[in-house]
Amino acid sequence: MKIIKRFLLKLYKGAEKHKEISIRKELDRLPPNGVFLDIGCWDGRKTLWWAKAARTKKVLGIEMVEHAAKRAKNKNIEVFVTDIDKEKWPIRDNSVDCVFSNLLIEHLGNIDCFISESYRVLRKGGFTIVSTNNLSSWHNIASLLLGWAPFDMANSSSTLRLIGNPLTNQKNDSFFGESWCHKCIYTIRWLKEWYELYGFRLERVRGSGYYPLPAFIGNIDKTHSAFIILVFKKV
């Protein structure tokens, strides 16, 4: 079992690395000198990576966890502590060029609020880039066939950390709490139709990870990739 878990962790790390490269490629396609908003920016370390790739002139962040937000502010990011699930974002209408989120939407319970607020703060012609786990990935499908929790929903309990799937790898996160838990994971079509309800148009999709094959295969069969990256435009 330990050997299998180590192998799965290696595959996950490879898929994650490929995902981040794909995200940078999408950010590099954005018009330069825009206002960049990272939702769920945590301590801001990766926010600066993404902002640099997007060649932005101003970097904003929203974070739910106060101690993480303080660390992001120390990196000269303008951060707002907000309950993303419940509160209106403290950002002006039509003032942002890119709303970005990486591995965040699966932690939220109110996706309608998230998408509608993304639309509100974006300028016309602005973009939102969403990166998340893929419910229809082969490893999640295999888990369901075995009667297990999908791999990407095993961290659904704030008490037990990982539950429902014996092959998941225990994470040793320095922070653990309710915001760490996954509420739901989605498919490409599911998110596409949800965003279209609020006036967005899907521009591009990328995939990363295809266990046990090399991570780049996920960008060929995006429907069953481990991670999905969706680029929407406000029209």
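Please read all numbers here as calculations on a predicted model, not as lab measurements.

Draft legend 1. Representation of the packing of aromatic side chains. According to the stated counting rule, one finds eleven aromatic pairs in the structure shown. With a centroid separation of 4.8 Å and an interplanar angle of 70°, the aromatic rings of Tyr186 and Trp190 are classed as edge-to-face. Following the ring pairs from residue to residue traces out a cluster consisting of Phe36, Trp49, Trp50 and Phe100. When the ring centre of Phe227 is taken as origin, the NZ or CZ atom of Lys19, which lies over that ring, is 5.4 Å away. Positioned above the aromatic ring of Tyr119, the side-chain terminus of Lys234 is 4.4 Å from the ring centre.

Draft legend 2. Region of the structure containing the side chain of Glu20. With respect to the secondary-structure elements, Glu20 resides in helix H1 (residues 2-28). Of the residues examined, Glu20 reaches a relative accessible area of 10% and is grouped as buried. The residues contacting Glu20, other than those within four sequence positions of it, are Lys46, Trp49 and Trp50.

Draft legend 3. Spotlight on the sheet that holds strand S6 (residues 200-208). The strand order across the open sheet formed by seven strands is S3-S2-S1-S4-S5-S7-S6, and the pairing between neighbours is mixed. Of all the strands in the sheet, just strand S3 (78-81) and S6 have a single pairing partner and so form its edges. Sheet twist, expressed as the average angle between the axes of neighbouring strands with direction ignored, equals 15°. In the packing of H1 onto the sheet, the strands contacted are strand S1 (35-39), strand S4 (96-102), strand S5 (122-133), S6 and strand S7 (227-234), and the crossing angle to S6 comes to about 145°. Of the strands in this sheet, S5, S6 and S7 are in contact with helix H6 (residues 188-196), which crosses S7 at around 20°.

Rules and cut-offs
- Residues numbered from 1 in each chain as written.
- Predicted model: local features only at pLDDT ≥ 70, side-chain atom pairs only at ≥ 80, totals over all residues.
- Heavy atoms only, no water.
- Phe/Tyr/Trp six-rings, centres within 6.5 Å; stacked < 30°, edge-to-face > 60°.
- Lys NZ or Arg CZ within 6 Å of the ring centre and 35° of its normal.
- Helix = DSSP H or I, 4+ residues; strand = E, 2+ residues; numbered from the N terminus.
- Buried < 20%, exposed > 50% of the residue type's maximum accessible area, 1.4 Å probe, protein only.
- Contact = heavy atoms within 4.5 Å.
- Pairing = 2+ DSSP bridges.
- Axes fitted to C-alpha atoms, helices over the stretch in contact; angles between N-to-C directions.

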